[in-house]
Amino acid sequence: MKELLTPKQVARAIGVSEASLKRWCDKGLIPAIRTVGGHRRLPINGVIQFLRSTQRPMVRPGVLGLPATTGLSDGVLERSQGRMQEALEAGDPERCRAIAFDLYLAGHAVVDICDKVLAASFRALGDRWEHGDLEVYQERLACEITMRVLLELRAVLASPAVDAPYALGGTLGPDPYTLATTMVETALREAGWRAQSHGVGIPAETYCAAIRDKAPALFWLSVSTLESVPKFVAQYRVIHEAASTRGVPVAVGGRALTEDIRQQLAYSAFGDNLRHLVTFARTLYFPSKVD
Ligand code: B12
């Protein structure tokens, strides 16, 4: 996806004259920056936010680097999970991108696209794999495609304010599950945070160093799998200690955090999904302009 667009490109994509487009820029309806030579350049996230808030249809989405089929699905959340699952199983990145962007442009929040469409599709994919109806290569490709879709969605979100609070997190020890922590990062960025997933498989001690060095306003841990519960609990306590002595709230979630395990942990918030997390995050920071 292109990061900066010319007024001509955006005008072609929306199907309006270049003059109208420039007028909108001058009125501040679409953010624009100027090149050294004085020409307007439009950041893609500003263009997408404009299209989303005005519900203006796109005539040539390909010009913006969006899939050519953007705008063809109905953008209804409830009907999109099955379609996304099918597209993921078929390993069709363009269909997945188009479904995700149609939902976003229709006004759905990324957090709901993640919880209700993407994560729900992966649960169904996991069940199909368990029953021998899905090959491992299909599941792996689905993960690759989803990671790219998440990065693209992240690129079109409104940029967080420069003074927005910082959040960091990831997975611990041998937990290799990248999708959940990347979704957490995306959901928090949508909620206005400068969120950064540090990735997967990180040792407790280095999380403590990151908490010390980066002084985040929120730390998250996503837990999708556990090899040893006692080892996990011990490592988690080290991180929680480092966070709590600095007054950093810790949010936890993930499919492996059963009630029994949670009883052994101290934390500021637990969420079954990203909507729960974002609801908590908003009690810490509530920017004026978010979904
Ligand atoms: C993709 C996947 C993998 C991939 C992950 C790749 C990657 N790059 O991430 C890989 C290849 C690593 C993998 C490996 C294995 N997997 Co696997 N995997 C899955 C699958 C299909 C999807 C998981 C996923 O990423 N979902 C997307 C995320 C975003 O959704 P989510 O986990 O539901 O997260 C939501 C909430 O939990 C919450 N949340 C998550 N994190 C956080 C954090 C915070 C702070 C908050 C508030 C909320 C929150 O919000 C999220 C969005 O709603 C699941 C199916 C399933 N039911 O989950 C199986 C599944 C988890 N895997 C399974 C198995 C068996 C395995 C393997 C053992 C297979 C094998 N024989 O090798 C290995 C084990 C790996 C290990 N070390 O544990 C089983 C586990 C069964 C069990 N009893 O626990 C499952 C359930 C499949 C199944 N139905 O059998 N897997």
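Now for a look at the structure at hand. The shown structure was predicted, so the numbers you read here are calculated from the model rather than taken from an experiment.

What counts as what
- Residues numbered from 1 in each chain as written.
- Predicted model: local features only at pLDDT ≥ 70, side-chain atom pairs only at ≥ 80, totals over all residues.
- Heavy atoms only, no water.
- Pairing = 2+ DSSP bridges.
- Helix = DSSP H or I, 4+ residues; strand = E, 2+ residues; numbered from the N terminus.
- Contact = heavy atoms within 4.5 Å.
- Axes fitted to C-alpha atoms, helices over the stretch in contact; angles between N-to-C directions.
- 1 Å grid on protein atoms, 1.4 Å probe; cavity = no way out; pocket = protein on both sides within 12 Å on 5 of 7 lines; lining within 4 Å.
- Points joined across faces, edges and corners; volume = space filled by probe spheres on them.
- Nonpolar A, V, L, I, M, F, W, Y, C, P; charged D, E, K, R; others polar.

Spatially, 3 strands are ordered 1-3-2 in an open sheet, and the strand pairing comes out antiparallel. Strands at the two margins of the open sheet, each flanked by one partner only, are strand 1 (4–5) and strand 2 (33–34). Sheet analysis places strand 2 next to strand 3 (residues 40–43), joined by 2 bridges and oriented antiparallel. Counterpart to Arg34 in the pairing with strand 3 is Arg40. The strands touched by helix 3 (residues 44–54) within the sheet are strand 1 and strand 3, with strand 3 carrying the most contacts at an inclination of about 70°.

Space inside the largest pocket adds up to approximately 1,300 Å³. Forming the walls of the largest pocket are 39 residues, and the residues nearest its centre are Arg123, Tyr177, Ala180, Ser224 and Arg255. Elements supplying a minimum of two residues to the lining of the largest pocket: helix 6 (110–130), helix 7 (136–156), helix 8 (178–190), strand 6 (218–222), strand 7 (250–253), strand 8 (269–271) and helix 12 (274–284). Here the lining of the largest pocket takes 9 residues from helix 6, the largest share from any one element. Looking at side-chain class alone, the lining of the largest pocket contains 21 nonpolar, 10 polar and 8 charged residues.

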